[in-house]
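Architecture at a glance
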Amino acid sequence: AMTPDGTEIYFGVLLGRFSAILETRLVDGAWTEPQVAPFSRDARFFNLEPAISPDGKRFMFLSSRVGAGREPTAAEIRTWTNQDIWVMDREGDHWGEPWTLGPPVNTEGAEFFPSLTRDGTLYFTRGSDDGRESTIWRSRLVDGRYQEPERLGPQVNSTASQFNAFISPDESYLIVSTAGRPDT
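In short, a report on the structure. Please read these numbers as outputs of a predicted model, since none were measured by experiment.

1. Quick look at the side chain of glutamine 83
The residue glutamine 83 is located in the loop between β6 (58-63) and β7 (84-91) in this model. On the basis of relative accessibility, which here comes to 16%, the residue glutamine 83 falls in the buried class. Those residues within four positions of glutamine 83 in sequence are excluded, and the remaining contacts are Leu62, Ser63, Gly109, Ala110, Glu111 and Phe112.

In C-alpha coordinates, the structure reads:
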(Lines give C-alpha, C1' and ligand atoms only; values in the text may rest on other atoms or scores of the structure.)
Protein backbone atom coordinates (compact mmCIF):
# COMPACT_ATOMS: atom_id res chain seq x y z
CA ALA A 1 0.00 0.00 0.00
CA MET A 2 1.28 3.47 -0.84
CA THR A 3 0.13 6.84 0.45
CA PRO A 4 -1.40 9.03 -2.28
CA ASP A 5 1.56 11.43 -2.16
CA GLY A 6 3.91 8.53 -2.94
CA THR A 7 6.15 9.03 0.12
CA GLU A 8 5.25 5.97 2.23
CA ILE A 9 5.02 2.28 1.29
CA TYR A 10 3.68 -0.47 3.57
CA PHE A 11 3.90 -4.19 2.83
CA GLY A 12 3.32 -7.45 4.66
CA VAL A 13 5.94 -10.10 5.34
CA LEU A 14 5.13 -13.65 6.42
CA LEU A 15 8.09 -15.81 7.42
CA GLY A 16 7.10 -19.02 9.16
CA ARG A 17 5.41 -18.00 12.42
CA PHE A 18 6.38 -14.33 12.03
CA SER A 19 4.15 -11.84 10.30
CA ALA A 20 4.42 -8.05 10.23
CA ILE A 21 3.77 -4.98 8.16
CA LEU A 22 6.94 -3.16 7.16
CA GLU A 23 7.27 0.46 6.13
CA THR A 24 9.66 2.53 4.08
CA ARG A 25 9.56 6.28 3.49
CA LEU A 26 10.91 8.54 0.77
CA VAL A 27 13.34 10.94 2.45
CA ASP A 28 15.48 13.38 0.45
CA GLY A 29 14.87 11.40 -2.73
CA ALA A 30 15.85 7.99 -1.30
CA TRP A 31 13.83 5.21 0.31
CA THR A 32 14.63 4.40 3.93
CA GLU A 33 15.60 0.88 4.96
CA PRO A 34 12.33 -1.04 5.49
CA GLN A 35 11.49 -1.57 9.14
CA VAL A 36 8.60 -3.08 11.07
CA ALA A 37 5.88 -0.43 11.36
CA PRO A 38 5.24 0.73 14.94
CA PHE A 39 1.68 -0.66 15.02
CA SER A 40 2.93 -4.08 13.88
CA ARG A 41 5.72 -4.70 16.41
CA ASP A 42 3.88 -7.03 18.79
CA ALA A 43 5.17 -10.40 17.55
CA ARG A 44 2.33 -12.24 19.32
CA PHE A 45 -0.02 -11.28 16.48
CA PHE A 46 -0.08 -11.56 12.71
CA ASN A 47 -0.43 -8.31 10.75
CA LEU A 48 -0.71 -8.32 6.96
CA GLU A 49 -2.53 -6.92 3.94
CA PRO A 50 -2.29 -3.13 4.36
CA ALA A 51 -4.66 -0.86 2.46
CA ILE A 52 -4.71 2.93 2.40
CA SER A 53 -7.79 4.90 1.39
CA PRO A 54 -7.50 6.90 -1.84
CA ASP A 55 -7.54 10.16 0.18
CA GLY A 56 -4.73 8.90 2.47
CA LYS A 57 -6.72 9.47 5.66
CA ARG A 58 -7.42 5.86 6.62
CA PHE A 59 -5.26 2.72 6.86
CA MET A 60 -6.80 -0.76 7.15
CA PHE A 61 -5.10 -4.10 7.64
CA LEU A 62 -5.62 -7.70 8.73
CA SER A 63 -4.60 -8.41 12.30
CA SER A 64 -5.00 -11.39 14.60
CA ARG A 65 -4.71 -9.16 17.70
CA VAL A 66 -7.42 -9.20 20.33
CA GLY A 67 -9.62 -6.26 21.19
CA ALA A 68 -8.60 -3.55 23.62
CA GLY A 69 -8.86 -4.28 27.30
CA ARG A 70 -8.13 -7.99 27.29
CA GLU A 71 -5.08 -10.20 27.15
CA PRO A 72 -4.88 -12.91 24.49
CA THR A 73 -5.23 -16.53 25.50
CA ALA A 74 -2.39 -18.95 24.69
CA ALA A 75 -4.50 -20.24 21.78
CA GLU A 76 -4.69 -16.71 20.32
CA ILE A 77 -0.95 -16.01 20.27
CA ARG A 78 0.70 -16.37 16.85
CA THR A 79 -2.32 -18.11 15.35
CA TRP A 80 -4.87 -17.15 12.76
CA THR A 81 -7.64 -17.39 15.37
CA ASN A 82 -8.71 -13.74 15.28
CA GLN A 83 -8.66 -12.55 11.69
CA ASP A 84 -10.25 -9.14 11.65
CA ILE A 85 -9.87 -5.84 9.86
CA TRP A 86 -8.24 -3.11 11.95
CA VAL A 87 -8.13 0.60 11.20
CA MET A 88 -5.92 3.61 11.85
CA ASP A 89 -6.68 7.22 11.02
CA ARG A 90 -4.11 9.72 9.81
CA GLU A 91 -2.94 12.13 12.51
CA GLY A 92 -0.61 14.67 10.93
CA ASP A 93 2.49 12.87 9.64
CA HIS A 94 1.78 9.52 11.34
CA TRP A 95 -0.99 6.97 11.87
CA GLY A 96 -3.08 6.96 15.05
CA GLU A 97 -3.64 3.97 17.30
CA PRO A 98 -5.19 0.89 15.67
CA TRP A 99 -8.82 0.08 16.44
CA THR A 100 -10.95 -2.83 15.36
CA LEU A 101 -13.49 -2.13 12.65
CA GLY A 102 -15.95 -4.26 14.62
CA PRO A 103 -19.42 -5.36 13.54
CA PRO A 104 -21.08 -5.56 11.16
CA VAL A 105 -17.93 -6.11 9.06
CA ASN A 106 -15.90 -8.13 11.57
CA THR A 107 -17.55 -11.32 12.82
CA GLU A 108 -16.47 -14.42 14.71
CA GLY A 109 -15.21 -15.69 11.35
CA ALA A 110 -12.25 -14.42 9.35
CA GLU A 111 -12.29 -11.03 7.59
CA PHE A 112 -9.22 -9.89 5.72
CA PHE A 113 -7.71 -8.11 2.71
CA PRO A 114 -9.47 -4.74 2.82
CA SER A 115 -9.65 -2.52 -0.26
CA LEU A 116 -11.25 0.93 -0.25
CA THR A 117 -12.98 3.12 -2.80
CA ARG A 118 -12.93 6.89 -3.02
CA ASP A 119 -16.29 7.16 -1.20
CA GLY A 120 -15.12 4.82 1.60
CA THR A 121 -16.85 1.65 0.42
CA LEU A 122 -14.97 -1.35 1.76
CA TYR A 123 -14.39 -4.55 -0.21
CA PHE A 124 -12.95 -7.46 1.76
CA THR A 125 -12.64 -11.23 1.98
CA ARG A 126 -14.68 -13.25 4.46
CA GLY A 127 -13.84 -16.86 5.27
CA SER A 128 -16.51 -19.48 5.86
CA ASP A 129 -17.04 -20.76 9.40
CA ASP A 130 -15.22 -23.98 8.59
CA GLY A 131 -12.34 -22.11 6.93
CA ARG A 132 -12.67 -24.06 3.69
CA GLU A 133 -13.76 -21.26 1.38
CA SER A 134 -13.64 -17.50 1.13
CA THR A 135 -15.77 -14.98 -0.70
CA ILE A 136 -15.71 -11.29 -1.53
CA TRP A 137 -18.00 -8.89 0.33
CA ARG A 138 -18.78 -5.18 0.18
CA SER A 139 -19.86 -2.74 2.90
CA ARG A 140 -20.97 0.79 2.11
CA LEU A 141 -19.96 3.70 4.35
CA VAL A 142 -23.08 5.71 5.26
CA ASP A 143 -22.92 8.63 7.68
CA GLY A 144 -19.54 7.42 8.96
CA ARG A 145 -20.69 3.85 9.70
CA TYR A 146 -20.17 0.69 7.72
CA GLN A 147 -23.42 -0.97 6.74
CA GLU A 148 -24.31 -4.66 6.84
CA PRO A 149 -21.96 -6.29 4.30
CA GLU A 150 -23.32 -7.86 1.14
CA ARG A 151 -21.80 -10.93 -0.48
CA LEU A 152 -20.99 -10.17 -4.12
CA GLY A 153 -22.85 -12.17 -6.73
CA PRO A 154 -21.83 -15.06 -9.01
CA GLN A 155 -19.91 -12.79 -11.39
CA VAL A 156 -17.30 -12.59 -8.60
CA ASN A 157 -18.06 -15.42 -6.14
CA SER A 158 -18.40 -18.88 -7.66
CA THR A 159 -18.13 -22.41 -6.30
CA ALA A 160 -14.41 -21.90 -5.75
CA SER A 161 -12.74 -19.69 -3.17
CA GLN A 162 -12.24 -16.04 -4.02
CA PHE A 163 -9.92 -13.86 -1.99
CA ASN A 164 -7.77 -10.72 -1.86
CA ALA A 165 -9.84 -8.52 -4.15
CA PHE A 166 -8.64 -5.06 -5.14
CA ILE A 167 -11.27 -2.49 -6.02
CA SER A 168 -10.40 0.59 -8.07
CA PRO A 169 -11.03 3.92 -6.29
CA ASP A 170 -14.02 4.65 -8.56
CA GLU A 171 -15.37 1.05 -8.43
CA SER A 172 -14.98 0.70 -12.20
CA TYR A 173 -13.11 -2.59 -11.89
CA LEU A 174 -12.35 -5.34 -9.39
CA ILE A 175 -9.34 -7.66 -9.48
CA VAL A 176 -9.86 -10.90 -7.57
CA SER A 177 -7.79 -14.03 -6.88
CA THR A 178 -9.44 -17.42 -7.16
CA ALA A 179 -8.55 -20.94 -6.14
CA GLY A 180 -9.89 -23.88 -8.09
CA ARG A 181 -12.36 -21.93 -10.23
CA PRO A 182 -13.10 -24.04 -13.31
CA ASP A 183 -13.75 -21.07 -15.63
CA THR A 184 -10.38 -19.34 -15.06
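2. What to know about the pattern of salt bridges
What the rule picks out here adds up to nine salt bridges. The partner of arginine 126 in a salt bridge is glutamate 111, with the nearest N and O atoms 3.0 Å apart. Of the two residues, arginine 126 is situated in strand β11 (residues 122-127) and glutamate 111 in strand β10 (residues 111-116); the sequence distance between them amounts to 15 residues. Like arginine 126, the residue glutamate 111 is buried in the burial classification.

3. Topic: the packing of aromatic side chains
For the structure on display, the rule yields six aromatic pairs. Measuring from centroid to centroid gives 5.0 Å for tyrosine 10 and phenylalanine 59, while their planes differ by 90°, and the two rings are edge-to-face. Placement of tyrosine 10 in strand β1 (residues 8-15) and of phenylalanine 59 in strand β6 is noted, with a sequence separation of 49 residues between them. For tyrosine 10, a relative accessible area of 1% puts it in the buried group. Of the residues examined, phenylalanine 59 reaches a relative accessible area of 0% and is grouped as buried. Judged by centre distance (5.9 Å) and plane angle (75°), the rings of phenylalanine 59 and phenylalanine 61 are edge-to-face. Here phenylalanine 59 matches phenylalanine 61 in class, with each residue buried.

The rules behind these values
Residues numbered from 1 in each chain as written. Predicted model: local features only at pLDDT ≥ 70, side-chain atom pairs only at ≥ 80, totals over all residues. Heavy atoms only, no water. Helix = DSSP H or I, 4+ residues; strand = E, 2+ residues; numbered from the N terminus. Buried < 20%, exposed > 50% of the residue type's maximum accessible area, 1.4 Å probe, protein only. Contact = heavy atoms within 4.5 Å. Salt bridge = Lys/Arg side-chain N within 4 Å of Asp/Glu carboxyl O. Phe/Tyr/Trp six-rings, centres within 6.5 Å; stacked < 30°, edge-to-face > 60°.

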